[in-house]
Amino acid sequence: MILKKTVLLFLFLVTAFFAKAQPPTHVPLMTSTWKLIAERSYKKNKDFKMVPTFPAKLEALQNKLVELPGYMIPINADVEHKEFMLAVVPMDQCPYCGQGDIPSMIEVKMAKELGYTDKPIKIRGKLLLNKTGDLRSEIFLLNAELVK
């Protein structure tokens, strides 16, 4: 009887350990706009430079206000952020750990500073597509505000 209880206790503890050791889950934030952003591709221009191309539906949103849910990916080590990357997955879901692709990200420039959070947020701002192929981000959300 004692052996049976010991085995059951051991199995319970092992199960509890492995259940806790699972990677954190995140809220799926893929929207129709994020899906359009993910359709971005690249082509060579006349100077043989790789430049981004965007689907027509995304191009139609150029200079328009859009709302995007996402997770903050800081680009500076501060508490308050006026500029950061916004992604569909949180920072602790490393895209370089052997599974999946690099998630879609956009660069956000806020109207006012925003405190860091690892929780999902929703941002509204003017969408700007950068087609130059320079070293800046390809998609920006400018003069952005937090949507509550």
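So, here is what we can say about the structure in this document. Keep in mind that this is a model prediction, so the values were computed, not measured.

Remarks on the environment of I73
By the secondary structure assignment, I73 is in strand β3 (residues 65-74). For I73, a relative accessible area of 15% gives the class buried. Distance from I73 to M85, taken between C-alpha atoms, is 4.9 Å for residues 12 residues apart in sequence.

Things to note about the pairing of strand β2 (residues 50-53)
Relative to β2, strand β1 (residues 41-44) is paired through 4 bridges, and the arrangement is antiparallel. Residue pairing for β2: Y42 is matched across the bridge by P52. Taking the residues between adjacent antiparallel strands as the criterion, β1 and β2 are bridged by 5 residues, where F48 takes a positive phi near 60°.

Here's the deal with the pattern of salt bridges
This model, assessed by the stated rule, comprises 8 salt bridges. Residues K119 and D118 are paired through a salt bridge, measuring 3.6 Å at the closest nitrogen-oxygen approach. The exposure class of K119 is exposed, given its relative accessible area of 53%.

As for the pairing of strand β7 (residues 139-146)
Note that strand β5 (residues 105-115) and β7 share 3 bridges and pair parallel. Residue pairing for β7: E107 is matched across the bridge by F140.

Procedures and definitions
Residues numbered from 1 in each chain as written. Predicted model: local features only at pLDDT ≥ 70, side-chain atom pairs only at ≥ 80, totals over all residues. Heavy atoms only, no water. Helix = DSSP H or I, 4+ residues; strand = E, 2+ residues; numbered from the N terminus. Buried < 20%, exposed > 50% of the residue type's maximum accessible area, 1.4 Å probe, protein only. Pairing = 2+ DSSP bridges. Salt bridge = Lys/Arg side-chain N within 4 Å of Asp/Glu carboxyl O.

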